[in-house]
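So you can see what is in the structure, the chains are spelled out below.
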Amino acid sequence: MVSQAIDVPAYIIAAALGVVLCLWGVQLSRFIASITTAALLGYITYVYTYMVFKSIAIAIIFMLTAIVIGFVIGFTLFRLGLSIVFGYTIASIITRSVAGSREVTLLLVLIVIFAALIYVLSKYLLALLFAATGASLLYKSLAALGLSQTATLAIVVLLAIVGVFNQVKKVI
């Protein structure tokens with residue numbers, strides 16, 4: 001019989017990541033979306049500005065400006081961007097699969113309706129999603145580290161509730 005060793009540091013890191021996701025997942029994802037938007041906008045601006053002006057200095061100035069603008073856009077319009085993407089996805093599935101229509105007007109109306117609905121609910125859905133993901137990661141980590149199932153479940157449920165509340169209210 002082979003003994004299986006538990007990678008304690010990995011489970012401790014996973015548990016810490018689970019706590020972070022439970023408590024600050026939405027804020028963290030907003031920050032990551034901001035960095036991604038800033039990087040993408042900065043890169044595109046640099047490439048096209050250099051192509052037009054053939055000057056590295058001018059391209060860098062425009063790129064730095066675009067990075068700041070991209071960071072602000074990514075941070076402030078985070079939920080709006082998600083809402084439009086998911087609104088489009090749902091509307092296109094409905095118009096093509098369920099309704100069997102490819103009418104652009106119907107698609108646009110449904111995109112606006114679903115995007116507005118998702119925008120209103122996204123604050124709560126994202127918080128719930130991150131809290132559940134973090135709680136799941138924490139549960140698996142604590143269980144693997146040998147904490148009793150009852151204690152693990154109690155800790156995880158409590159942290160998930162606090163996490164949803166914290167992410168919705170932005171208390172901590």
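On a predicted model such as this, the values are computed, not experimentally measured, just so you know.

Undergrad: How should I be thinking about the overall build of the protein chain in this particular structure?
TA: When helices and strands are tallied, the protein chain shows 5 helices and 0 strands. By the compact-globule yardstick of 16 Å for 172 residues, the protein chain is too spread out, its C-alpha radius of gyration being 22 Å. Here the C-alpha coordinates of the protein chain stretch approximately 65 × 50 × 40 Å along the principal axes. Looking at the protein chain as a whole, 30% of its 172 residues qualify as buried. Long-range pairs, those at least 24 residues apart, make up 70% of the contacts in the protein chain between residues at least 6 apart in sequence. Carbon together with sulfur atoms contributes 78% to the accessible area of the protein chain, which is approximately 11,100 Å² in total.

Undergrad: What's the story with unusual backbone geometry in this structure? I'm lost.
TA: Of all residues except glycine, most have a negative phi; of all peptide bonds, most are trans. In this structure, Lys54 is a non-glycine residue whose phi angle is positive, near 55 degrees. Note that Lys54 resides in the loop between α1 (8-53) and α2 (56-76).

Undergrad: Would you mind going over the nonpolar core with me for this structure?
TA: Most often, soluble globular proteins have nonpolar side chains that are buried together. By size, the foremost hydrophobic cluster in this structure holds 9 residues: Ala15, Cys22, Leu23, Ala135, Leu138, Leu142, Val156, Leu159 and Ala160. Among the secondary structure elements, those contributing two or more residues to this core are α1, α4 (104-144) and α5 (149-169). Those residues in contact with Leu138 that lie beyond four places of it in its chain are Ala15, Gly18, Val19, Ile155, Val156 and Leu159. The next biggest cluster of nonpolar side chains, apart from the first, holds 7 residues, and it includes Phe78, Ala127, Phe130 and Val168.

Undergrad: When you look at helix α3 (residues 78-98) in this model, what are you seeing that I'm missing?
TA: The periodicity of an α-helix, 3.6 residues per turn, causes residues three or four positions apart to be oriented the same way. In this model, α3 (21 residues) spans 29 Å end to end at C-alpha, consistent with the 30 Å of a helix rising 1.5 Å per residue. Contacts made by the buried residues of α3 are with α1, α2 and α4.

Undergrad: Explanation requested: α2 in the structure shown.
TA: The first and last C-alpha atoms of α2 sit 30 Å apart over 21 residues, in line with the 30 Å expected at 1.5 Å per residue. Contacts made by the buried residues of α2 are with α1 and α3.

Undergrad: What is the right way to look at the packing of aromatic side chains in this model?
TA: One pair of aromatic rings is described through two measures. These are the centre distance and the angle between the planes. Here the structure, examined in full by the defined rule, presents 3 aromatic pairs. When the centroid spacing of 6.1 Å and the interplanar angle of 80 degrees are considered together, the rings of Phe31 and Phe71 count as edge-to-face. Remark: Phe71 occurs in helix α2 and Phe31 occurs in helix α1; sequence separation between them is 40 residues. Since its relative accessible area comes to 42%, Phe31 is described here as partly exposed. Given a relative accessible area of 31%, Phe71 falls into the partly exposed group. Plain terms: the ring middles of Phe53 and Phe62 are 6.1 Å apart, the flat faces sit at 15 degrees to each other, and that makes the pair stacked. The ring centre of Phe75 lies 5.1 Å from the NZ or CZ of Arg30, which sits over that ring.

Here is what the cut-offs are and how they apply
Residues numbered from 1 in each chain as written. Predicted model: local features only at pLDDT ≥ 70, side-chain atom pairs only at ≥ 80, totals over all residues. Heavy atoms only, no water. Helix = DSSP H or I, 4+ residues; strand = E, 2+ residues; numbered from the N terminus. Rg over C-alpha atoms; globule rule 2.2 N^0.38 Å. Buried < 20%, exposed > 50% of the residue type's maximum accessible area, 1.4 Å probe, protein only. Contact = heavy atoms within 4.5 Å. Areas by Shrake-Rupley, 256 points an atom, 1.4 Å probe, with all protein chains shown as cover. Core = buried A, V, L, I, M, F, W, Y, C linked by side-chain atoms within 4.5 Å. Expected span 1.5 Å × (residues − 1). Phe/Tyr/Trp six-rings, centres within 6.5 Å; stacked < 30°, edge-to-face > 60°. Lys NZ or Arg CZ within 6 Å of the ring centre and 35° of its normal.

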